[in-house]
Number of protein chains: 2
Amino acid sequence: MIYFDNSATTNFKPECVKNAVYSAMSNLSANPGRGSHSMAIKTASMVYLARKAIANEVGLKNPDRVIFTASCTEALNLAIIGSMKRGHVITTIFEHNSVLRPLFSKAKEFYTEISIVEPNGNSIDAKSIERLIRKDTYMIIVNHVSNVTGQIAPLYEIGKLCKKHGILFVVDGAQSVGYNKIDMENNNIDMLAIAPHKGLHALTGIGVLAITDNVKLRHIKFGGTGTSSTDIYQPNSFPEGYEVGTLPTVAISSLIPAINWCEKNRIKNDKRIFELSEIIINGILTIPNITLYTPPNLRNGIISFNIDGLSSSEVCDILSSQYDICVRCGLHCAPLIHKYLDTLDGGAVRVSLCGDNTYGEAESLLLALREISELS
Amino acid sequence: MIYFDNSATTNFKPECVKNAVYSAMSNLSANPGRGSHSMAIKTASMVYLARKAIANEVGLKNPDRVIFTASCTEALNLAIIGSMKRGHVITTIFEHNSVLRPLFSKAKEFYTEISIVEPNGNSIDAKSIERLIRKDTYMIIVNHVSNVTGQIAPLYEIGKLCKKHGILFVVDGAQSVGYNKIDMENNNIDMLAIAPHKGLHALTGIGVLAITDNVKLRHIKFGGTGTSSTDIYQPNSFPEGYEVGTLPTVAISSLIPAINWCEKNRIKNDKRIFELSEIIINGILTIPNITLYTPPNLRNGIISFNIDGLSSSEVCDILSSQYDICVRCGLHCAPLIHKYLDTLDGGAVRVSLCGDNTYGEAESLLLALREISELS
């Protein structure tokens, strides 16, 4: 089986991650912050070190501002719904439904107006965003790397804009953290949402919202925190006020080995993803009846296309059933960019890579695509 | 190390659970419902079978009404905030902050008034609840087994009341599912929240809200569902409309082996918990300066007490540091029952058992408690 759906979840988990998870099931299964006994303290200490490792990975000073959530989607819900108020929000055509749905579903309740930036050429630019800024603009939400085209947003320039105008800068790092180094401080990012089960090769079941010290948030979930327990209202303390219930300790135990593995293998993985992207994109460009949606100069492991005369789901079905190659079809939960690309009807085929993919796998994919393209 | 904090999280995970988790990290890491390739279908099939196993375990007909959440706390948030409206809600003094905090935090927004039932003797009875029912009572929320005293609520009688008056019946099964068989249909339960990392010995990072077909819910989270992807508003379809983002697939993979293990070992585990409870409660009753809060006739593995002259945290610290015994101190996130017991200041020591605890461990605890009680 060849797995090219890494933008959904990386199937490859390093041995160190699997071993940490196996061991956590026996040794770190108590409730951190909920007791003073040795096992609770041991688990709490692991959780704190994981916060520190994440903070360090993304250039955030205060580990207590690393909020563990159920998923990157929940992290974005907390960032967005947690900050919404009367006023104006700018976001982009590249956003995933994890941004669009909380934003549009809650817009009326919070009297928020929304502007959507379109690309200038292939990518979003800061100038197009600046033109939309109003006096009451309070938040800009940007997908760092598009899960459809792989397009990269200019975080540094947008961050400068946000700082200049006193606007909250929220970044969806679902497709980037683990692959791309992000420094929240340098880029003036106020909130960064992370999907550790993708680029970091950690377990599913854990997301992260990294928040700078100045940000205040409305709660979106309520429950036991192990603190202020006499209070039947939710405490505002970070991080536990925003992490109700028992944490996904086993999934959290995968974070430190995952980060260590990524850092150790960063150069090798980057090179592999760059080279395989080049092979696949160049190969696709030689097949006459394929339309490529990823800009042909991009080399970051996300490659979307359609074969003329076949729907994206037909191509995926043939790839899976006849070649045992797993790629993703459809809309990838990002409707606006598909509308823009005129692929709202059937979506696109997406090949997404990780550092564990091989040259042989890329060649097998191209062989299969050539054969399938001859069917159409 | 002796672990008696099973009401927080059971530290003991059966080999079959650990093996399933280890294997899922390599074989079931794709996104269910997000692609048509073989790995996504394999993962989706595992997730569906897990829904079916949970539905079967709790007497729910429709597996599509098994909603996977981040935790039992999130399941309760979804049940409560998802159903709140203008009117009246009844709940009990035994509730955890996972019920109290969403309810009280959102009461004003939804114009909901709240009545709290006190016990009649040790336990809540249905008659006390019936006396509080008003014309506009639309929801009754009951903790099945108290995480502080172990007290059991009469679900069948309360369910009959709810059916008679057309009131939603929400049950917090955090401390019971896995230990006690619950049949939602027989007990007229509309929504049951489950913490599989406790009584079922499954992984942390997965909760369940089991819902009957007639219940409609407001969303509390928004994002990609793999369905209706052109729609920037949240779909109402079950289960995926209520399960945004990537599911905790690895934690879900622990559910079927966990349920199978519990069913296979049910009689043995029940007997062990009953007998150890008896040994510990009878032992505690022979120590003169201990106040027991658990009714002395209860034998369900949750035993709370204080030693005169020592705070609950002092007792826990001594047990952990000098005897390597892990028990829980403090308020256990359930403030109202502590107010009722007059233990709001320092909480109580809680010993909570599972079927993996041994007679030797119970004797070690009693020996330690006798020695500590002589310090005070």
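Please refer to the structure higher up on the page.
J.: For this particular structure, what's the right way to read unusual backbone geometry?
T.: Most peptide bonds are trans, and most residues other than glycine sit at a negative phi. All names here are of chain A. In this structure, Pro-239 follows Phe-238 across a cis peptide bond, with omega equal to -5°. Phi at Asp-324 is positive, roughly 55°, even though this residue is not glycine. Mapped onto the elements, Asp-324 comes out in the loop between α10 (312-323) and β11 (325-326). A relative accessible area of 35% places Asp-324 in the partly exposed class.

J.: Honestly, the sheet that holds strand β9 (residues 290-292) of chain B in this entry has me stumped. Any pointers?
T.: Sheets are built from strands paired through backbone hydrogen bonds, the pairs being either parallel or antiparallel. All names here are of chain B. Read from one edge of the open sheet, 3 strands run β9-β10-β12, paired in antiparallel fashion. On the outer flanks of this sheet lie β9 and β12 (349-352), each paired with one strand and no other. Adjacent strand axes in the sheet meet at a mean angle of 30°, parallel and antiparallel pairs treated alike. Where strand β10 (residues 302-307) lies against β12, 4 bridges are found, and the strand directions are antiparallel. The residue bridging Ser-304 from the neighbouring strand is Arg-350, located in β12.

J.: What am I meant to see in the nonpolar core here?
T.: Soluble globular proteins tend to pack their nonpolar side chains together in the buried interior. The biggest cluster of nonpolar side chains holds 122 residues, and the ones touching the most others in it are A:Phe68, A:Leu192, B:Phe68 and B:Leu192. With 7 residues, helix α2 (residues 38-58) of chain A is the single largest residue contributor to this core. Those residues within four positions of A:Leu192 in sequence are excluded, and the remaining contacts are A:Val58, A:Val171, A:Gly173, A:Val177, A:Ile182, A:Met184, A:Val208, A:Leu209 and A:Ala210.

J.: Please explain the pairing of β10(B) as it appears in this structure.
T.: Taken residue by residue, a regular strand's side chains alternate between the two faces of the sheet. Residue and element names in this part refer to chain B. Summarising burial for β10: 6 of the 6 residues are buried, a large majority. What you see with β10 is no split at all: Ile-302, Ser-304 and Asn-306 on one side and Ile-303, Phe-305 and Ile-307 on the other are buried throughout. Where β9 lies against β10, 3 bridges are found, and the strand directions are antiparallel. Of the residues in β10, the one forming a bridge with Leu-292 is Phe-305.

J.: Got a minute to help me understand the interface of chain B and chain A in this structure?
T.: When the parts of a complex come together, some accessible area is lost, and that lost area is often taken as the interface size. Taken together, the contact between chain B and chain A spans 79 residues of the former and 80 residues of the latter. Across the interface of chain B and chain A, roughly 6,200 Å² is buried in total on both sides, 58% from carbon and sulfur atoms. For A:Glu74, the salt bridge identified is with B:Lys221, shortest N-O distance 2.6 Å. Run the count over chain B and chain A and you get 34 residue pairs in polar contact (both at pLDDT 80 or more).

J.: I would appreciate a short explanation of the packing of α2(A) against helix α8 (residues 255-264) of chain A in the present structure.
T.: When two helices pack together, their arrangement is given by the angle between the helix axes and the distance between those axes. Residues and elements named next belong to chain A. Running from N to C, α2 and α8 point in directions that differ by 30°, and their axes come no closer than 9 Å. The angle between α2 and α8 places the two elements in the roughly parallel class. The two elements α2 and α8 cross, and the hand of that crossing is left-handed. Counted together, Met-46, Leu-49, Ala-50, Ala-53, Ile-54 and Glu-57 of α2 and Leu-255, Ile-256, Ile-259 and Glu-263 of α8 form the full contact between these two elements. Per-class residue counts for the contact of α2 with α8 are 8 nonpolar, no polar and 2 charged.

J.: Please explain the relation of the copies chain B and chain A as it appears in this structure.
T.: There are two copies of the chain, and a rotation about an axis plus a shift along that axis relates them. For the pair chain B and chain A, the superposition axis carries a translation of 0.0 Å, the fit reaches an RMSD of 0.0 Å, and the rotation angle comes to 180°. When the rotation and shift are considered jointly, the pair of chain copies conforms to a two-fold rotation axis. Closest approach to the rotation axis among the C-alpha atoms of chain B is made by B:Ala70, whose C-alpha sits 2.7 Å away. Taken together, the interface assignments show that 100% of the residues at the interface of chain B recur at the interface of chain A, consistent with an identical surface on both copies.

J.: Where do I start with helix α12 (residues 359-375) of chain B in this structure?
T.: Helical periodicity: at 3.6 residues per turn, an α-helix aligns residues three or four positions apart in one direction. Residues and elements named next belong to chain B. Its 17 residues give α12 an end-to-end C-alpha distance of 25 Å, which sits within 8% of 24 Å, the value for a rise of 1.5 Å per residue. The set of residues buried in α12 consists of Glu-361, Ala-362, Leu-365, Leu-366, Ala-368, Leu-369, Ile-372 and Ser-373. Along the long axis of α12, the arc covered by the buried residues comes to 165°, so they all point the same way. Exposed residues pointing more than 90 degrees away from the buried face of α12 are listed as Leu-367 and Glu-374.

Rules used in this analysis
- Residues numbered from 1 in each chain as written.
- Chains lettered and ligands numbered in written order.
- Predicted model: local features only at pLDDT ≥ 70, side-chain atom pairs only at ≥ 80, totals over all residues.
- Heavy atoms only, no water.
- Helix = DSSP H or I, 4+ residues; strand = E, 2+ residues; numbered from the N terminus.
- Buried < 20%, exposed > 50% of the residue type's maximum accessible area, 1.4 Å probe, protein only.
- Pairing = 2+ DSSP bridges.
- Axes fitted to C-alpha atoms, helices over the stretch in contact; angles between N-to-C directions.
- Core = buried A, V, L, I, M, F, W, Y, C linked by side-chain atoms within 4.5 Å.
- Contact = heavy atoms within 4.5 Å.
- Buried area = accessible area lost by both parts, 1.4 Å probe.
- Salt bridge = Lys/Arg side-chain N within 4 Å of Asp/Glu carboxyl O.
- Polar contact = N/O pair within 3.5 Å; in protein donor to acceptor, adjacent residues only side chain to side chain.
- Parallel < 35°, antiparallel > 145°, perpendicular 65-115°, else oblique.
- Left-handed = near helix turned anticlockwise from the far one by under 90°.
- Nonpolar A, V, L, I, M, F, W, Y, C, P; charged D, E, K, R; others polar.
- Least-squares fit on C-alpha atoms with pLDDT ≥ 70 in both.
- Expected span 1.5 Å × (residues − 1).
- Arc of directions from axis to C-beta.

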